[in-house]
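# Residue-level structural notes
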Amino acid sequence: MKRPPSDSGNFWQVLVRLPGRLLKGLFGWLLALLILFEEWGWEPLQRALAWVGRLPGLRWVEARIRQLPPYGALAIFLLPTLLLLPVKLLALWLIGQGKVLAGTLVIITAKLVGTAIVARLFGLTKDTLMQLAWFARLYTRWTVWKEALLTQVRTSLPWRLGRVLKHRIRQRWNQVRRRWQ
């Protein structure tokens, strides 16, 4: 016996797919926030480390890093990730011990320091890394994907509202500063 067509099948299909779509959307927003942090922090942190890199001993180190062959540059570029892994594990251990604030501060500090170091190392090694065909291909794909994601985020309502709020706060801050002067 054949069942008559009904819309209830579509309802169940949508209901079954809903958790996956919600998770995908949540993951997309979390990834976008992470990329926005990287984007926001990349340039200022790289400039800060470039300033530190002007110190006499570090100028020598940076010159040697610039001279590395492609796979040496790749190893140096990936090194901070490996070195920060124990720090992140320490943070998780602290959180597991009930020291959530301390663990969170360790993670935030590691993220800031790691982003600064990776940004500076990438600035020093980018030309060399781009000599690796597979790296250049992956980097191009990454930048195209990242720009598309950032464009999507920047056109979203929360982003636009945040920009308006930021502008109003900045205006208010300037008014307060002028009054104090």
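Above this text is the structure in question.
Scope of this entry: the structure provided in the associated data block. Here the structure is a predicted model, which is why all the values come from computation and not from measurement.

## Quick look at the packing of helix H2 (residues 56–66) against helix H4 (residues 100–129)
Close contact between H2 and H4 brings their axes to 9 Å; oriented N to C, the two are set at 35 degrees. Contacts between H2 and H4 involve Glu62, Ile65 and Arg66 from the first element and Arg120, Leu121, Leu124, Thr125 and Thr128 from the second. Within the contact of H2 with H4, the residues separate by chemical class into 3 nonpolar, 2 polar and 3 charged.

## Some words on the packing of aromatic side chains
Given two aromatic rings, one states the distance between the centres and the angle between the planes to describe the pair. Applying the stated criterion to the full structure yields 7 aromatic pairs. Taking the centre distance of 5.5 Å and the plane angle of 35 degrees together, the rings of Phe122 and Tyr139 count as tilted. You can see Phe122 sitting in helix H4 and its partner Tyr139 sitting in helix H5 (residues 133–154), a full 17 residues away along the chain. We classify Tyr139 as partly exposed; its relative accessible area is 22%. Here the aromatic cluster, defined as three or more aromatic residues joined through ring pairs, consists of Phe77, Phe122, Trp134, Phe135 and Tyr139.

## Points about the pattern of salt bridges
Any two side chains of opposite charge can pair, on the condition that their charged atoms come close. Under the counting rule described, the total for this entry stands at 1 salt bridge. As a salt-bridge pair, Glu62 and Arg120 come within 2.8 Å of each other at their nearest N and O atoms. Here Arg120 lies in helix H4 and Glu62 lies in helix H2, a separation of 58 residues in the sequence. Like Arg120, Glu62 is buried.

Parameters at a glance
Residues numbered from 1 in each chain as written. Predicted model: local features only at pLDDT ≥ 70, side-chain atom pairs only at ≥ 80, totals over all residues. Heavy atoms only, no water. Axes fitted to C-alpha atoms, helices over the stretch in contact; angles between N-to-C directions. Helix = DSSP H or I, 4+ residues; strand = E, 2+ residues; numbered from the N terminus. Contact = heavy atoms within 4.5 Å. Nonpolar A, V, L, I, M, F, W, Y, C, P; charged D, E, K, R; others polar. Phe/Tyr/Trp six-rings, centres within 6.5 Å; stacked < 30°, edge-to-face > 60°. Buried < 20%, exposed > 50% of the residue type's maximum accessible area, 1.4 Å probe, protein only. Salt bridge = Lys/Arg side-chain N within 4 Å of Asp/Glu carboxyl O.

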